[in-house]
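The chain contents come next:
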Amino acid sequence: MSGIRLTSPVTELRGIGPAKAAALQKLGAAKVGDLLRVFPRAYQNRGDVKTLAEVGEICRSSPGTGLPVSLELTVASEARLANIRRGMSILRFKAFDDTGVAEITYFNQPFMKNVFHTGGVFRFWGKAELRGGKITLTNPLQEAAGEGKKLLPIVPVYPLASGLKQKMMQQLVGEALAAARTELCDHIPPDVLKKNNLCSIGYALENIHFPADTEALAAAGRRLAFDEIFTVSAAMCLSKKREKSRSAPVIKADIFPLISRMPYELTGAQKRSVGEILNDMAKNEPMCRILCGDVGSGKTAVAAAAAYAAASAGYQCAIMAPTEILAKQHYADLAPLFSSLGIESALLCGSLGAAEKRRVQQSLCGEDAPRLVIGTHALLSENVEFYRLGLVITDEQHRFGVNQRAELRRKSHGAHTLVMSATPIPRTLSLVIYGDIDVSRLDEMPPGRQKVSTFRVDESYRERLLGFIDKQASEGHRTYVVCPSIEEKEEQSDDAEEMFDLSLAPTEEKEPPMKAAVSYAAQLRERLRVAKVGFIHGKMKTAEKDAAMAAFVSGETDVLVSTTVIEVGVNVPEATLMVIENAERFGLSQLHQLRGRVGRGRDKSWCILVSDTKNETSARRLEVMCSESDGFKVAEEDLKLRGPGDFFSNGGEFRQHGSADMRFAASLTDPGLIGDAVDAAKALTAADPQLSSAENAALSAIVGDLLASSEDTVS
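Residues numbered from 1 in each chain as written. Predicted model: local features only at pLDDT ≥ 70, side-chain atom pairs only at ≥ 80, totals over all residues. Heavy atoms only, no water.

### With respect to the environment of C483
Then, in step 1: Relative to the elements of secondary structure, C483 occurs in the loop between β19 (478-482) and α15 (517-527).
Then, in step 2: A relative accessible area of 1% places C483 in the buried class.
Then, in step 3: Residues C483 and T564 lie 81 residues apart in sequence; the distance between their C-alpha atoms is 7.6 Å.
Then, in step 4: Discounting chain neighbours no more than four positions away, the residues touching C483 are K515, A516, A517, Y520, V561, S562, T563, E581 and F586. (Helix = DSSP H or I, 4+ residues; strand = E, 2+ residues; numbered from the N terminus. Buried < 20%, exposed > 50% of the residue type's maximum accessible area, 1.4 Å probe, protein only. Contact = heavy atoms within 4.5 Å.)

If you want it as structure tokens, here you go:
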């Protein structure tokens, strides 16, 4: 094994043939070094060995819980094997420690008879139960213990693919770590490590896989979290320098004709943001700006001003929305306004007929092309080419996939870029999510925007809530009911082999079962006396979603049961009630987004959070929603309570860089580390703008790979 290197294919490791190599490939491990980044998904704290007396007390105080425990026991009797019926066997024996005796049972594992012999000492890990006054363990994991045996105190549990087992993964990762000890070099400068009290990368990788104790595991996770933020920030700094070196159209225009036709005066924040955008567009380098604004803060008006500036200067502006509902809403709002100013608009989305779609596509590339085009991902079709594209505006850009964003960049040919986001991002996190991209914040609400009263209730309020929904319908108002899933499904382990996975975090109360949109809509149809119920979710065909939405807008249905597909952009002024089922299942920022779907008209509006959660953190988050209406403050509280997980995770979809999954950063309990990592990356790239120095060679390679996979970003 001495010839194994980090760059060696995994087939050079013992026991890895083509089939297992293919399984490892599914985990992202084609080379030995890749195994270092197949991180454990959980840990088993087997080093916390209990006595049988202690386990008995725990079982008596928490009956029926099947507590996972670690026990070091001596086999007291011969293991007896019996065939219960065809295809099923049972193996039983007794084991003891100084405080008591336990009964151990294995089903359908006859080979274990040869493992256990009277007097043998083993460490067992499994669920202990009290049955008839006796402690029992069924199918526990076991390791030979006793004199001279060195066992891991904290055992990693890895994600698996077909043909792979936990012990094999532990062995393979151990061999990769052995190779890493002679090859691995740290890509973060020593002064940065010292200043931020960080361990070396070697120590971090060793202890994230095989931690010596919980303190070592915490130190490893902190270092790897810093790594993720530091490298992404360095990549963003370099990306912005590269972007600013390109040329872009110089756009200068008087937007007064548009502003004078708006039915309201812009807020101070809107005026400030418009000024920042117009200043950027007047330069010959591409604008890269994010427009962040709370729900209802008037982002569309600011975007309209930017679009008008481009159109009146002779350029095209493309506005891309993540859903047809939102694209059509933008078109309905902006096309008449622009038409009154002599500017033609076009709508391009997937539901258009073939002939109409072809006509719009062909119209975009001629001299008489519409100056404003609004659409969905249909704008990215290979048949779409623009005549003179000067500005690209994307609404909720994080909702577009990696390939879609890359295609938009290709079509833009150096055009200015403006991204709108209604998701409140804490200032600290915006440094990572948006890097050095210029940020405009709409931190002021237009006059007349109502505050939505928010309350949390549990199931005991169900009948009163149904009556309130009926009352809203009888008064001509509409209600959204949001569920966390589309259809009912069993929640089960993804790995039958590992029955007893534990993270090292404190055990949380199990959350109540999820309500599903489809089945709950059927229940509401039966239980509501007045209101007519419809439903909508992301798996429906576009025509079905459009029909459901149109029925809700027109009042044909009074209640719209939905998943979070209605989270962004939907504008129904008659909607006065938002009911969110299983509210504990949503992040605070997402709850705030959903709340923003109501309170858009003149009538009083409410948001009801339905939750039976017993989880203390979840309850505190819901209390924040009831007491706070400012989206940025809500986001800051979410960061304090839960860390940045919602913003960095797949669910949040805020990963602007394709290969940066922010796994460890998402579980940070020290938000201050985020700013420290960003500051360190900025200082380093300022001192070495191209990362060309010898001491930054390792970092340059990592950042280069990151940038190569991230051409789709707005940075």
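### Comments concerning the layout of surface pockets
Then, in step 1: Taken as a whole, the second largest pocket encloses approximately 1200 Å³ of empty space.
Then, in step 2: Taken together, the elements giving at least two residues each to the lining of the second largest pocket come down to α5 (201-209), α6 (214-244) and α22 (697-708). (1 Å grid on protein atoms, 1.4 Å probe; cavity = no way out; pocket = protein on both sides within 12 Å on 5 of 7 lines; lining within 4 Å. Points joined across faces, edges and corners; volume = space filled by probe spheres on them.)

### Some thoughts on the packing of aromatic side chains
Then, in step 1: What the rule picks out here adds up to eleven aromatic pairs.
Then, in step 2: Consider the rings of F116 and F122, whose centres lie 4.8 Å apart with planes at 65 degrees: the pair is edge-to-face.
Then, in step 3: Using a relative accessible area of 3% as the deciding quantity, one classes F116 as buried.
Then, in step 4: We classify F122 as buried; its relative accessible area is 6%.
Then, in step 5: Ring geometry for F468 against W606: centres 5.1 Å apart, planes inclined by 80 degrees, an arrangement best described as edge-to-face. Separated by 138 residues along the polypeptide, F468 in helix α14 (residues 462-474) and W606 in strand β23 (residues 606-610) bring together distant segments of the chain.
Then, in step 6: Its relative accessible area of 21% is what places W606 among the partly exposed residues.
Then, in step 7: Among the aromatic side chains, those forming a connected cluster through ring pairs are F93, Y106, F116, F122 and F124.
Then, in step 8: For the cation-ring pair, R388 lies above Y315, with the distance from its terminal atom to the ring centre recorded as 4.1 Å. (Phe/Tyr/Trp six-rings, centres within 6.5 Å; stacked < 30°, edge-to-face > 60°. Lys NZ or Arg CZ within 6 Å of the ring centre and 35° of its normal.)

### What about the pattern of salt bridges?
Between side chains of opposite charge, a pair can form when the charged atoms approach closely.
Then, in step 1: Applying the stated rule across the entire model yields 26 salt bridges.
Then, in step 2: Residues R181 and E206 are paired through a salt bridge, measuring 2.8 Å at the closest nitrogen-oxygen approach. Separated by 25 residues along the polypeptide, R181 in helix α3 (residues 166-183) and E206 in helix α5 bring together distant segments of the chain.
Then, in step 3: When its relative accessible area of 55% is taken as the criterion, R181 is described as exposed. (Salt bridge = Lys/Arg side-chain N within 4 Å of Asp/Glu carboxyl O.)

### Focus: the packing of α3 against α5
Then, in step 1: It is at 11 Å that the axes of α3 and α5 come closest, and there the two elements cross at 170 degrees. It follows that α3 is roughly antiparallel to α5 by the angle criterion. Of the residues in α5, those touching α3 at V173, L177 and R181 are L205, E206 and H209.
Then, in step 2: For the contact of α3 with α5, the per-class residue count stands at three nonpolar, one polar and two charged. (Axes fitted to C-alpha atoms, helices over the stretch in contact; angles between N-to-C directions. Parallel < 35°, antiparallel > 145°, perpendicular 65-115°, else oblique. Nonpolar A, V, L, I, M, F, W, Y, C, P; charged D, E, K, R; others polar.)

### What about the sheet that holds strand β17 (residues 438-442)?
Then, in step 1: Ordered by their spatial adjacency, seven strands build an open sheet running β13-β14-β12-β15-β16-β11-β17, and the pairing between neighbours is parallel. One side of each edge strand has no neighbouring strand; the edge strands of this open sheet are β13 (345-348) and β17. The sheet shows a mean angle of 20 degrees between the axes of neighbouring strands, direction not considered.
Then, in step 2: Summarising the sheet, strand β12 (residues 316-320) and strand β15 (residues 389-395) pair through five bridges and their orientation is parallel. (Pairing = 2+ DSSP bridges.)

### Topic: the sheet that holds strand β22 (residues 575-581)
Then, in step 1: One open sheet holds the six strands; their spatial order is β18-β23-β22-β19-β21-β20, and the pairing between them is parallel. Two strands bound the open sheet, and with one partner strand each, they are β18 (453-457) and β20 (533-536). When strand polarity is set aside, the average angle formed by the axes of neighbouring strands in this sheet is 20 degrees.
Then, in step 2: Here five bridges tie β22 to β23, and the two strands are oriented parallel to one another. Among the inter-strand pairings, I580 is bridged to a residue of β23, identified as L609.

### What about the packing of helix α10 (residues 324-339) against helix α16 (residues 542-554)?
Then, in step 1: Running from amino to carboxyl end, α10 crosses α16 at an angle of 55 degrees, the nearest separation of the two axes being 10 Å. In terms of axis orientation, α10 runs oblique to α16. Within the contact between the two elements, α10 uses E324, I325 and K328 and α16 uses T542, D546 and M549.
Then, in step 2: Classifying every residue of the contact of α10 with α16 gives two nonpolar, one polar and three charged.

### Some remarks on unusual backbone geometry
Then, in step 1: Although it is not a glycine, N108 sits at a positive phi angle of roughly 55 degrees.
Then, in step 2: One can find N108 in the loop between β6 (100-107) and β7 (121-131).
Then, in step 3: Classification of N108 as partly exposed rests on a relative accessible area of 41%.
Then, in step 4: Look at N582: it is not a glycine, yet its phi comes out positive at around 50 degrees.
Then, in step 5: Note that N582 resides in the loop between β22 and α17 (588-595).

### Some details on the pairing of strand β3 (residues 67-75)
Then, in step 1: With two bridges connecting them, strand β2 (residues 49-50) and β3 associate as parallel partners. Each residue of the ladder has a partner; that of V49, found in β3, is S70.
Then, in step 2: Where β3 meets β7, eight bridges bridge the pair, whose relative direction is antiparallel. Of the residues in β7, the one forming a bridge with L71 is F124.
Then, in step 3: By the bridge criterion, two bridges tie β3 to strand β5 (residues 88-97) in an arrangement that is antiparallel. Bridging from a neighbouring strand, T74 pairs with F96 of β5.

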